Each structure stands twice: as structure tokens, then as C-alpha cells.
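Below, each chain spelled out in residue letters.
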Amino acid sequence: MSTALITHPDCLGHETPPGHPEQVARLSRILKALEGKDLARVTAPMVAEDDLLRVHPRAYVESIRAAAPETGRVQLDADTWMSPGSLAAAHRAAGGAVRAVDLVLSGVHANAFVATRPPGHHAECETPMGFCLFGTIAVAAKHALVHHGLARVAVVDFDVHHGNGTQDLLEDEPRALFVSSHQFPLWPGTGTADETGPHGTILNLPLAPGTGSEGFRRTYEEKVFPRVAAFAPDLILASTGFDAHKADPLAELRLETGDFTWVTERLCDLADEHCDGRLVSCLEGGYDLDALAESAAAHVDVLIARGAG
Ligand SMILES: [Zn+2]
């Protein structure tokens, strides 16, 4: 057993305009920070059509394919761009998350970190949004439920932004618990505590700007961990954004790198208690390159330590 690092060079080919926070260097800095670590390096495949179609209608998938430019860049909304390499990158991101689920559920690896971009947790059923094209982690959750036949999957999203896309894609699925902690108010403006979904399987935890380690940890101890434990998932998926770090330029939470170590350890504890340690982490945001690289390395160090047992 070991920890898988799942990525693909195609994910460096998704190019945003100069000055855009979701930049190629995010992934290259993370991969550099993970060099030399005891990881099983796995190539992210292209996502299978069936996997994408579990969460997005065919017309949407085709509209994203049709939008991909042959040269230059196209803008899908205020924040979301595609370059000639973006489609392959997004297909690798979703395919990598699916492969991670396969490897962890088959026991080949204890846990996995999917280091891909573009991120996915803002992509709604029929709307690209917030740097995201496809709902990567929702694709992985559905694959675990439908293809592998798991009874329950929990998705925990500690990116500083509300995982509106994941919520949109999973709220009708009673076998999926979706928990999102996020700064509020902050873009995209959703994720209030009263958004609980038609089956009560959505838990939103808005955090006031300026919330630091203590408030974050208290929220997780009091609300997140008991809820995940009560759900007794067969697999835990983490939407791993590092933009709640105090150095991040897009938000105003005040987490330290050690808080990402802490939350990763506690999620691994929950995975140990409920699902034989099975945890798949997918990269979402994080826009200060130094904090991002340091935090991702700290997160992966925990996965390695816990996966080696
Ligand atoms: Zn974010």
C-alpha cells in the first residue's frame, strides 16, 4: 500500500491569460514540491464519456468540446477560459479522479492525491464557472457509487470558495454527503447554512472573513467530523483547495499550512474508522504559489505517512 500521485503533463497545457490566478505555475510548483517523495506516480487517463455523462448532459459536454479553440484563447465567463490544451487538461483532471477511485477501491493504493487542473468544484450541471469546466470530484463520486456500487460516499470540500458545482451535481444523490466549508460572503455567493439539499445531504459551513485556525478547527470538530462519521461513508473524497491559507490573494481566511496538515490527518482518521483508510484528494484552488506548494506538500506528507501503514 502506498499513496498515488495522479497527474498528467496535459494539465500544464491549460493556459489562462497573463495575470490570471489559475495559472500553469500552480501545478508545476506543486509537482516540484512533491519531487523525491515516496509516491506511486500514475498517469491520469482521459475521462470516459460515461463517467462525464453521469453528471453533465451530453449537450453540455459537447458545448465545452465545441468551445475549445484551435489557437489563442476563448473566454467562457468572467473568470473561465479555454486554450487549445484546456479540453485535454479537463478530461485528464476528471479521468485522474476516476482512476484514483479505481486504484484506492481496488486496494492497489491506500490513498491518492490527484494533482490536476483546471479545478472542478464550481462547474455546474450545464454551466462552466470559476475556472472549472467539468465537475471532477462529482464525476469521481458518481463513479464510486454507480460503477463500484458503494453504498455511501462523502465529499469534503475545504477550498475557501463554496463548492457550488459539486453541490449542484450531487444534491439529488442521497448516497453522497457533500460538506463545504468556505468564506462567506465571498464569490460565488452561495453556500449558506440553509442550503441542505432535497435529501438533507448537503452541509454548508460559511466562515466569516478573518476566520483562522481556531475557528476553522472548531467548525470541523463540531460540525464536519461528526456529520461524516454519522454518514459512515465507504469512501471519502476531498476537494482540496489551499486558498483558505492566510497568504492567498483571493480570500480572507487566515489558515496556516499546519491547518491543512491537521485537517488531512483528521480526514484520514475518519477514513480509517469508516472505510479502511480509503481517501481520494483532488486539487481545487490555491493561488499564492509559495503557500500552495508548501500546503500541498504538507497535505501529501500526511497521505504518505498514513498510506504506508
Ligand atoms: Zn477556491
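Our structure is the block above this text.
Given the structure is predicted, the values throughout are model-derived calculations rather than measurements. (Residues numbered from 1 in each chain as written. Predicted model: local features only at pLDDT ≥ 70, side-chain atom pairs only at ≥ 80, totals over all residues. Heavy atoms only, no water.)

Right, let's talk about the packing of aromatic side chains for a bit. Going through the model one piece at a time under the given rule, you end up with 8 aromatic pairs. For the pair Y60 and F134, a centre-to-centre distance of 6.3 Å together with 90° between the ring planes defines the contact as edge-to-face. Linking Y60 in helix α3 (residues 58–67) with F134 in the loop between β5 (111–114) and α5 (136–147), this pair joins segments that are 74 residues apart in sequence. The exposure classification of Y60 matches that of F134, with both residues buried. Geometrically, the ring pair formed by F131 and Y287 is edge-to-face, given 5.7 Å between the ring centres and 80° between the ring planes. Note that F131 is positioned in the loop between β5 and α5 and Y287 in the loop between β10 (279–283) and α9 (289–307), a separation of 156 residues in sequence. Residues F131 and Y287 agree in their burial class; the two are buried. Linked through ring pairs, F216, Y220, F225 and W262 together constitute an aromatic cluster. Sitting over the face of the ring of F225, R266 holds its NZ or CZ atom 4.6 Å from the ring centroid. (Phe/Tyr/Trp six-rings, centres within 6.5 Å; stacked < 30°, edge-to-face > 60°. Helix = DSSP H or I, 4+ residues; strand = E, 2+ residues; numbered from the N terminus. Buried < 20%, exposed > 50% of the residue type's maximum accessible area, 1.4 Å probe, protein only. Lys NZ or Arg CZ within 6 Å of the ring centre and 35° of its normal.)

The next subject is the pattern of salt bridges. Going through the model one piece at a time under the given rule, you end up with 18 salt bridges. K32 is paired through a salt bridge with E35; the nearest N and O atoms lie 3.9 Å apart. Residue classification places E35 among the exposed residues on the basis of a relative accessible area of 52%. Between K142 and E173 there is a salt bridge, and its shortest N-O distance comes to 2.9 Å. Placement of the pair is K142 in helix α5 and E173 in the loop between α6 (164–170) and β7 (176–183), with a sequence separation of 31 residues. According to the relative accessible area criterion, E173 is buried, its value standing at 6%. The network of salt bridges with common partners includes E221, R266, D269, D272 and R306. (Salt bridge = Lys/Arg side-chain N within 4 Å of Asp/Glu carboxyl O.)

Listed as buried for α3 are Y60, V61 and I64. Summarising the axial view, the buried residues of α3 lie within an arc of 100°, below the 170-degree limit, and thus occupy one face. Turned more than 90 degrees from where α3 packs its buried face, A59 and A66 sit exposed. Looking at the buried residues of α3, the elements they touch are α2 (49–53), β4 (81–82) and α4 (86–105). (Arc of directions from axis to C-beta. Contact = heavy atoms within 4.5 Å.)

This paragraph deals with the coordination of the zinc ion. For the zinc ion, every protein donor is listed as D159 (OD), D159 (OD), H161 (ND1) and D243 (OD), and the spread of their distances is 2.0 to 2.7 Å. Around the zinc ion sit 4 donor atoms, and with donor-metal-donor angles ranging over 53 to 155° the site reads as irregular. Summarised as a motif, the one-chain spacing of the donors to the zinc ion is D-x1-H-x81-D. One end of the pair, D159, is in the loop between β6 (153–157) and α6; the other, D243, is in the loop between β9 (235–240) and α8 (257–275), with 84 residues separating them in the sequence. Residue D159 shares its accessibility class with D243, and that shared class is buried. (Donors = N, O, S within 2.8 Å, 3.2 Å for Na, K, Ca; no water. Tetrahedral: all angles 85-135°; square planar, octahedral: opposite > 155°, others 65-115°.)

The element β7 is extensively covered by neighbouring structure, given that 8 of its 8 residues are classed as buried. Of the two faces of β7, the one lined by A176, F178, S180 and H182 and the one lined by L177, V179, S181 and Q183 are each fully buried. Direction of pairing for β6 relative to β7: parallel, over a ladder of 5 bridges. Bridge pairing links V155 to F178 in β7. Handedness of the crossover joining β6 and β7 through α6: right-handed. As paired strands, β7 and strand β8 (residues 202–207) are joined by 6 bridges and run parallel to one another. (Pairing = 2+ DSSP bridges. Right-handed = clockwise from strand over helix to strand, strands pointing away.)

Another point: the packing of helix α1 (residues 24–33) against α9. Relative orientation of the contacting elements α1 and α9 amounts to 40°, with a least axis distance of 9 Å. Our classification of the angle between α1 and α9 gives oblique. Of the two elements, α1 crosses α9, and the hand of that crossing is right-handed. Counted together, A25, R26, R29, I30 and A33 of α1 and L289, D290, L292, A293, A296 and A297 of α9 form the full contact between these two elements. Of the residues contributing to the contact of α1 with α9, the split by class is 8 nonpolar, no polar and 3 charged. (Axes fitted to C-alpha atoms, helices over the stretch in contact; angles between N-to-C directions. Parallel < 35°, antiparallel > 145°, perpendicular 65-115°, else oblique. Left-handed = near helix turned anticlockwise from the far one by under 90°. Nonpolar A, V, L, I, M, F, W, Y, C, P; charged D, E, K, R; others polar.)

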